[in-house]
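The chain contents come next:
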Amino acid sequence: AQRQTETWVVGDGGGLANVFVYVKTGLEGRSFPVPAEPVILDQQKCWYTPRVVGVRVGQSFQVLNSDPLLHNVRAQAEVNQAFNQGQPVQGVRYNHTFSTEEVMVPIKCDVHAWMNAWVGVVNHPYFAVTGPTGEFSLPNLPPGTYAVEAWHEAGGTTSGTVTVSAKGTATLSLSFKAPVA
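To start, this report covers the structure provided alongside it. Here the structure is a predicted model, which means the values were calculated and not measured.

## A few points about the overall build of the chain
- Along the chain, the regular secondary structure elements total zero helices and 13 strands.
- Along the chain, helices and strands appear, N-terminal first, in the series β-β-β-β-β-β-β-β-β-β-β-β-β.
- On C-alpha atoms alone, the chain measures out to a radius of gyration of 17 Å, which is about the 16 Å that the 2.2 N^0.38 rule sets for 181 residues.
- Considered along the principal axes of its C-alpha atoms, the chain spans approximately 50 × 40 × 25 Å.
- Here the chain, with 181 residues, has 43% of them falling under the buried criterion.
- Roughly 9700 Å² of accessible area belongs to the chain as shown, and the carbon and sulfur atoms make up 51% of that amount.
- One way to put it: in the chain the 11 positive side-chain charges average out to a point 2 Å from where the 13 negative ones average out.

## As for the sheet that holds strand S3 (residues 47–49)
- Read across the open sheet, the four strands follow the order S3-S2-S5-S8; overall the sheet is mixed. Lying at the two open borders of the sheet, with one neighbouring strand each, are S3 and strand S8 (93–97). This sheet shows a mean twist of 20° between the axes of neighbouring strands, independent of strand direction.
- Strand direction decides the pairing type here: strand S2 (residues 39–44) and strand S5 (residues 60–65), joined by five bridges, are parallel. The residue of S5 that forms the bridge with valine 39 is phenylalanine 61.

## Points about the sheet that holds strand S12 (residues 144–152)
- The antiparallel open sheet is built from four strands, whose spatial order is S11-S1-S12-S13. Every interior strand has two partners, whereas the edge strands, strand S11 (127–129) and strand S13 (156–164), have only one. Pairs of neighbouring strands in the sheet enclose a mean axial angle of 25°, with direction left out of account.
- Pairing of strand S1 (residues 20–25) with S12, which is carried by five bridges, proceeds in the antiparallel orientation. Paired with threonine 25 across the strands is alanine 147, a residue of S12.

## Remarks on the packing of aromatic side chains
- Using the criterion set out here, one finds six aromatic pairs in the structure.
- Of the aromatic side chains, those joined through ring pairs into one cluster are Phe20, Tyr22 and Phe127.

Basis of the calculations
Every chain is numbered on its own, with residues counted from 1 as its sequence reads. Under the rules for a predicted model, residues below a pLDDT of 70 receive no local features and side-chain atom pairs below 80 are neither given nor counted, while totals for whole chains, interfaces and linings still include all residues. Side-chain numbers here rest on the full set of heavy atoms in the structure, without hydrogens or water. Helix numbers and strand numbers start at the N terminus; a helix is a DSSP run of H or I with at least 4 residues, a strand a run of E with at least 2. What the globule rule says is 2.2 Å times the number of residues to the power 0.38, and the radius of gyration is computed from C-alpha atoms. Under the scheme applied here, a residue whose accessible area is under 20% of the maximum for its type counts as buried, over 50% as exposed, and between as partly exposed, the area being computed with a 1.4 Å probe on protein chains only. Only the protein chains shown count as covering a residue, and every accessible area follows the Shrake-Rupley method with a 1.4 Å probe. Asp and Glu are treated as the negative residues and Lys and Arg as the positive ones, with His and the ends of the chain left uncounted. Note that the charge is assigned to NZ on lysines, CZ on arginines, CG on aspartates and CD on glutamates. When DSSP finds at least two bridges between two strands, those strands are taken to pair. The convention used is that axes are lines fitted to C-alpha atoms, helices contributing only their stretch in contact, and that angles between N-to-C directions extend from 0 to 180 degrees. Any pair of Phe, Tyr and Trp rings, taking the six-membered ring for Trp, is counted once the centres come within 6.5 Å. Such a pair is stacked with planes under 30 degrees apart, edge-to-face with planes over 60 apart, and tilted for the rest.

Nothing here speaks to function; it is all geometry.
Pasting the structure below:
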């Protein structure tokens, strides 16, 4: 069985999966504790899982090799320190900590060219990755007005503004242009 590409994963209702959504502006001057638990990017059956992931500045980011074969993980960071790490055996983990914001850091496997993942590095907890329906949630976002950006590996970026009141929720719909066949 041949695995399909994961570039455009569109749900039945037209929602786009694997979109990194984050608050781009509106949180300046605030600081948030960094989670102690690591974010894990796993290599399973020669695919990165998840394909798109978010991590906090200063949080442990681990790349795990769950496959019984060689992978070579290369982070092509432009702002953060890049890395290129061989993972020759099953169960090996590589730990990295990003020092500054960067949306997005491409991750590739030099052994398997189809293996791609992306890491969104932000300095706050208000980010999400869309699931199969294209929906996302940024729980506990303090009241205020925010610029929210959505990034997709082939669709680029799109953004919008949302205002969260002290007693309610807010809805923001973002869309990407469909690819030309």
